[in-house]
Amino acid sequence: MKNNSNVLYGLVIMLVGVIYFPVQAQQKKGIHRADFSGEWRAKESISMGGNIVCTYSEGDRMLYKAMKITQQANFLSIEVSDPSPNRGPAKSQEKLIFDKVTEIDNSVPGFGKKVTVKWSADGQTMTVNSVVRLMTATPYHVNVQKQELVYVTEVWKLINNGNSISVQTNAKSGLMGRDRERNWTTVFDKATWYSKFFL
């Protein structure tokens, strides 16, 4: 009788283990990621916050104060449009693919960027690493251009109960022969009817 109860006890422990561990693994796989979908506006563009506007060519999302984001399982699509009536209806779309290197070339020779996007382990922050290529004049030889690289890291996080996106940015460059590093934060608020038309 005692042997039967020991066997039964052992079977119960094994059954609990068989059920418990797969459930735990499923919960880890099914991490709920932050959703950045929607229309968002900031007081200034990300590039202006760090005063690195010259790093980006026309049409780059970093130059815009408003963006419309569509988030899918494997990528993020960011659509921007120029709000200025003087420059016409300039539009641009950038597709950021998770866990993959994306090359974004520009129509201007020598300009472009390489982007990688990764989620944090808890799925609540997204890190965008960019290596931006641009052409600059050589000191004392204005007509001689050389390629420079700027390394930019953006850490995106939802704040204010999901009504705002905080983008903490770090930029490193050796422009003009000097190593520089800048850190700043840009906050995009969810666009309301009022902000879409009057800001």
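Quick look at the structure, then. Note that this is a predicted model, so its numbers are computed, not measured.

This part covers the packing of aromatic side chains. What the rule picks out here adds up to three aromatic pairs. Measuring from ring centre to ring centre gives 5.6 Å for Phe36 and Trp156, while their planes differ by 80°; the resulting arrangement is edge-to-face. One end of the pair, Phe36, is in the loop between α1 (2-29) and β1 (38-41); the other, Trp156, is in strand β8 (residues 141-159), and 120 residues separate them in sequence. Members of the aromatic cluster, joined through ring pairs, are Phe36, Phe98, Trp119 and Trp156. Over the aromatic face of Phe98 sits the side chain of Arg33, whose NZ or CZ is 5.5 Å from the ring centroid. The side chain of Lys95 reaches across the aromatic face of Phe75, ending 4.4 Å from its centre.

Bringing the environment of Glu44 into the picture now. With respect to the helices, strands and loops of the structure, Glu44 is situated in the loop between β1 and α2 (46-49). Expressed as a C-alpha distance, the spacing of Glu44 and Ala66, which sit 22 residues apart in the sequence, is 8.9 Å. Not counting residues up to four positions away in its chain, the partners in contact with Glu44 are Gly49, Lys65 and Thr186.

Next up on the list: the pairing of β1. Within a regular strand, the side chains alternate between the two sheet faces. As judged from the four bridges shared by β1 and strand β2 (residues 66-71), these two strands associate in the antiparallel manner. Note that in β2 the partner of Gly38 across the bridge is Ile69. Alignment of β1 against strand β10 (residues 180-190), held across two bridges, turns out to be antiparallel. Note on β10: the bridge partner recorded for Arg41 is Asp189.

This part takes up the environment of Asn74. Structurally, Asn74 can be placed in the loop between β2 and β3 (75-81). Sequence separation between Asn74 and Lys100 is 26 residues, and the spatial gap between their C-alpha atoms is 9.6 Å. Excluding residues that lie within four positions of it along the chain, Asn74 makes contacts with Leu96, Ile97 and Phe98.

What counts and how
- Residues numbered from 1 in each chain as written.
- Predicted model: local features only at pLDDT ≥ 70, side-chain atom pairs only at ≥ 80, totals over all residues.
- Heavy atoms only, no water.
- Phe/Tyr/Trp six-rings, centres within 6.5 Å; stacked < 30°, edge-to-face > 60°.
- Helix = DSSP H or I, 4+ residues; strand = E, 2+ residues; numbered from the N terminus.
- Lys NZ or Arg CZ within 6 Å of the ring centre and 35° of its normal.
- Contact = heavy atoms within 4.5 Å.
- Pairing = 2+ DSSP bridges.

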